[in-house]
Structures are given as C-alpha cells and as structure tokens.
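# Reading the structure
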Amino acid sequence: MTTFDDLIAAQERVEPRDDMPDAYRATLVRQIAQHAHSEIIGMQPEGNWLTRAPSLRRKAILLAKVQDEAGHGLYLYAAAETLGVSRDELLDALHGGKQKYSSIFNYPTLTWADMGAIGWLVDGAAIVNQVPLCRCSYGPYARAMVRICKEESFHQRQGFELLQTLSHGTEAQHAMAQDAVDRWWWPALMMFGPPDDASTHSTQSMAWGIKRFSNDALRQRFVDMTVPQAQVLGLTLPDPDLSWDAERGSWDFGEIDFTELYEVVKGNGPCNAQRLGARVQAHEDGAWVREAAAAYAAKQTQKGRDVA
Ligand code: FAQ
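So, here's what we can say about the structure. From a predicted model like this one, the values you see are computed outputs, not experimental measurements.

Cut-offs and rules
- Residues numbered from 1 in each chain as written.
- Predicted model: local features only at pLDDT ≥ 70, side-chain atom pairs only at ≥ 80, totals over all residues.
- Heavy atoms only, no water.
- Helix = DSSP H or I, 4+ residues; strand = E, 2+ residues; numbered from the N terminus.
- Rg over C-alpha atoms; globule rule 2.2 N^0.38 Å.
- Buried < 20%, exposed > 50% of the residue type's maximum accessible area, 1.4 Å probe, protein only.
- Contact = heavy atoms within 4.5 Å.
- Lys, Arg positive; Asp, Glu negative; His and termini not counted.
- Charge placed at Lys NZ, Arg CZ, Asp CG, Glu CD.
- Near = heavy atom within 4 Å.
- Polar contact = N/O pair within 3.5 Å; in protein donor to acceptor, adjacent residues only side chain to side chain.
- Areas by Shrake-Rupley, 256 points an atom, 1.4 Å probe, with all protein chains shown as cover.
- Core = buried A, V, L, I, M, F, W, Y, C linked by side-chain atoms within 4.5 Å.
- Axes fitted to C-alpha atoms, helices over the stretch in contact; angles between N-to-C directions.
- Nonpolar A, V, L, I, M, F, W, Y, C, P; charged D, E, K, R; others polar.
- Salt bridge = Lys/Arg side-chain N within 4 Å of Asp/Glu carboxyl O.
- Phe/Tyr/Trp six-rings, centres within 6.5 Å; stacked < 30°, edge-to-face > 60°.
- Lys NZ or Arg CZ within 6 Å of the ring centre and 35° of its normal.

### Examining the overall build of the chain
Looking only at helices and strands, one finds 13 helices and two strands in the chain. Against the compact-globule benchmark of 19 Å for 308 residues, the chain has a radius of gyration of 21 Å, which places it among compact chains. With the principal axes as the frame, the chain shows a C-alpha extent of 70 × 45 × 30 Å. Out of the 308 residues belonging to the chain, those deemed buried represent 49%. Long-range contacts, defined here as pairs at least 24 residues apart, represent 78% of the contacts in the chain between residues at least 6 apart. Here the chain contributes 30 positive and 40 negative side-chain charges, whose respective centroids are spaced 8 Å apart.

### A word on the site of the ligand
Inspection of the region around the ligand gives 34 residues, with Gln34, Lys100, Ser199, His201 and Lys211 positioned closest. Here a nitrogen atom of the ligand sits 2.8 Å away from a polar atom, N or O, in the main chain of Ser103. Between the ligand and Asn129 there is a distance of 3.1 Å, counted from an oxygen atom to a side-chain nitrogen or oxygen. In isolation the ligand exposes 1,100 Å². Once the protein is present, 91% of that is buried. For the shell around the ligand, the secondary-structure elements that each account for two or more residues are helix 2 (22–41), helix 4 (56–81), helix 6 (113–130) and helix 7 (139–167). The biggest single contributor to the shell around the ligand is helix 2, with six residues.

### Re the nonpolar core
Membership of the largest hydrophobic core comes to 78 residues, with the highest contact counts inside it found for Tyr24, Leu28, Ile32, Tyr138, Tyr141, Trp184 and Phe222. Filtering out sequence-adjacent residues up to four positions away, Tyr138 remains in contact with Arg13, Val14, Glu15, Pro16, Met20, Tyr24, Leu28, Ile32, Ala79, Thr82 and Leu83.

### Quick word on unusual backbone geometry
For Gln11, which is not glycine, the phi dihedral falls at a positive 55 degrees. Considering the arrangement of structural elements, one finds Gln11 in the loop between helix 1 (4–9) and helix 2. Since its relative accessible area comes to 57%, Gln11 is described here as exposed.

### Quick notes on the packing of helix 7 against helix 10 (residues 215–233)
Orientation of helix 7 relative to helix 10, taken along the N-to-C sense of each, is 35 degrees, at an axis distance of 10 Å. In this structure, helix 7 contributes Gln156, Phe160, Leu163, Gln164 and Ser167 to the contact, and helix 10 contributes Met225, Gln229, Val232 and Leu233. Tallied by class, residues from the contact of helix 7 with helix 10 come to five nonpolar, four polar and no charged.

### Some points on the pattern of salt bridges
Any two side chains of opposite charge can pair, so long as their charged atoms come close to each other. Counted under the stated rule, the structure contains 15 salt bridges. In this structure, Glu161 engages Arg57 in a salt bridge whose closest nitrogen and oxygen atoms are separated by 3.4 Å. Of this pair, Glu161 sits in helix 7 while Arg57 sits in helix 4, placing them 104 residues apart in sequence. For Arg57, a relative accessible area of 46% corresponds to the partly exposed category. Among the salt bridges present, the one from Arg248 reaches Asp252, with a minimum N-O distance of 2.7 Å.

### Description of the packing of aromatic side chains
Tallied over the full model, the rule gives seven aromatic pairs. Relative to Trp251, the ring of Trp244 has its centre 5.5 Å away and its plane inclined at 65 degrees; by these criteria the two rings are edge-to-face. Grouping aromatic residues by their ring pairs yields a cluster made of Phe4, Tyr24 and Trp208. Over the ring of Trp49 we find Arg52, and its NZ or CZ is 3.9 Å from the ring centre. The ring of Phe213 carries the charged tip of Arg221 above its face, separated from the ring centre by 4.4 Å.

Structure, rendered in structure tokens:
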C-alpha cells in the first residue's frame with residue numbers, strides 16, 4: 001500500500017481519499033483558508049473604485065478582475081472543504097479573527113492609480129508566490145492554483161498597462177502613479193511573509209511539498225522581476241538601496257520594516273477593522289440569499305425523492 005510518506009518522497013499528489021498526518025491536514029486548512037479569505041477580502045480595496053473608474057473600458061476591466069477574485073475564493077473554499085472543514089466553519093473563523101487573510105488588503109486605496117499598483121505589484125507578488133503552489137503536494141489545492149494563476153497573470157498585465165498609461169500621461173497623472181507605487185512597494189514585499197529565520201511554518205511546509213520555495217527566495221524573485229518593469233514604466237521604486245549585484249545576479253534591496261507586517265497581521269493596520277467589518281456586514285446582509293438557496297435545494301431534493 002502506498003503511504004503518505006511514499007507519495008511525498010515520490011513527489012506524487014496527495015488526494016482527499018489518502019491517509020495524511022493530522023498536522024499536514026491542519027497546515028493545509030490554515031494556508032488554503034487564509035488564501036481564500038484573502039481573495040474575498042481582497043475584493044474590497046478595488047471594489048471601492050468600481051463606481052469611479054474613469055471610462056467604461058476601465059470599469060469593465062476592473063469589474064472582471066474583482067469578479068475573478070470572488071471566483072478564486074470559491075475554488076479555494078472548495079479545495080479546503082475536501083479536507084473535512086465546512087465553508088461555514090471557515091467563514092466563522094475569519095469573522096471571529098481566528099484565521100488570517102493577507103496583510104496587503106489592510107491598506108487603503110486612495111487614488112485611481114492604486115488600481116494599477118495593486119494589479120502590477122500585488123497580483124505580481126501573488127503570481128510569484130502562487131505559481132510554485134501549482135506543484136503543491138495536495139492535489140485539490142494544486143489544481144485550483146492552475147486556473148487562478150492564469151487569471152492573476154491577466155490582472156498583473158492590466159495593472160501594468162494602467163500604470164503605463166498614467167506614467168506617460170500628464171504630469172499630474174505621472175505623479176499619481178508614482179505616489180501609488182511609493183505606497184504599495186513595501187507592503188507588496190511583506191506579502192511574502194516574515195524572513196526565513198522567523199518563518200514558523202516554512203521548513204515543515206517545504207518538507208511536505210506544500211511550499212516549494214522559502215519566503216525570502218520568492219521575495220527576491222519578485223524584486224528581480226519587478227525592477228526592470230519599473231524601468232519600462234518610467235517609475236521609481238522607493239528604495240535608495242536597490243542596486244544590481246553582478247555576483248549574485250540579483251538586485252540587492254533595502255531592509256524591510258517587518259514590525260509593520262507584524263502589526264498589520266495582529267490587526268493594527270490602517271484598514272483592518274474596516275475590511276473585517278464590511279465582510280461581516282456583507283455576510284449578514286446575504287443571510288436571506290443563503291436561506292432561500294438552502295430552501296430551494298431542499299425542495300428539489302424532496303421532489304426527486306417523490307418521483308423516485
Ligand atoms: N499576511 O511561517 P510563515 C491574493 C502569517 S494574494 C498575513 O512564513 P506560511 C491575490 C502566517 O499565516 C494574497 N499573515 O507562514 C489577490 C503565519 O501565521 P499563523 C494571498 C501572514 O504560511 C490580489 C505567520 O505569519 N496569498 O489574494 C503573512 O508558511 C488582488 C508566520 O509566517 C496567499 O495566501 C501575510 N502577508 O507562509 C486577491 C498565498 N505572511 O497562520 C485580490 C498562499 C505570513 O501561524 C486582489 N499562502 N503570515 O498564525 C502562502 O503562500 C503562505 O501562507 C505565506 C506565509 C507565504 C503567505
């Protein structure tokens with residue numbers, strides 16, 4: 001019989017029917033739930049600008065992006081459910097503050113250029129972090145990530161194109177784009193999590209093939225990918241210590257203020273209360289929809305039984 005250890009050693013997929021250690025299951029629930037929560041809370045900062053998009057084209061693009069994030073949440077909640085938790089339990093844990101969502105969504109979106117900076121930097125960081133998750137050892141998570149990454153790639157390009165337009169527009173538009181990049185750069189670097197020596201889960205998650213690379217390795221990959229793109233955009237990344245290290249073949253960058261990450265994760269970021277409050281309110285407002293859907297489903301099941 002193939003055991004869990006055999007599957008991991010052979011780099012094969014673990015599926016819901018397979019035996020797995022409780023700690024592996026718990027780690028996956030924690031990470032997938034946090035990821036799913038990030039997708040649905042992540043709809044808020046951009047959703048905030050749907051009614052203020054500067055043209056019909058921009059509005060249609062932004063609407064599609066925000067809807068994609070809802071879809072990602074659905075795939076991820078479904079993947080978590082294969083591990084034996086219900087969506088209600090996961091949402092309760094989010095609303096009660098027991099499970100986290102990404103730090104990045106606790107920052108405000110102050111101008112239209114923030115839609116570009118989120119697409120370019122936040123979705124860009126998400127892609128770097130998530131492409132390796134397509135090879136995650138847990139089948140349902142890995143398969144969900146394939147489609148998510150394809151969509152994130154469109155999101156990143158739309159953000160880049162938006163910033164490109166602003167950066168090469170009027171002086172005021174260029175300044176707005178630069179200001180957005182100034183505000184989102186460091187929080188985007190923090191999305192990758194604490195530095196490797198402070199990351200509690202990385203070693204075990206990598207041994208299990210959940211994570212394929214460490215937080216710092218992915219952060220470096222993101223910096224190396226993004227610096228040349230900033231040059232094309234004609235925008236400056238707000239780090240005086242950025243410099244090319246020919247020996248490493250990578251960009252050196254300045255020190256990250258991780259106390260800011262820890263504060264935001266603890267709930268003390270600029271928008272934590274607002275984001276969670278809006279989520280709980282939306283959940284309460286949607287109670288009648290869930291009740292109606294459940295009543296309809298029960299009726300259909302009964303009808304099926306009556307016919308049989
Ligand atoms: N924010 O031991 P590690 C998106 C926590 S992209 C909040 O290194 P791990 C797309 C961590 O949970 C964003 N908490 O943890 C989008 C742990 O706490 P715990 C979502 C963070 O899991 C774009 C503790 O710190 N992406 O949504 C953060 O091995 C635009 C110690 O950390 C994902 O979730 C943080 N940034 O590595 C949507 C990707 N960093 O649980 C809408 C999947 C760390 O013990 C609009 N997740 N923590 O209490 C992952 O890859 C990993 O979970 C990491 C963290 C890399 C985030």
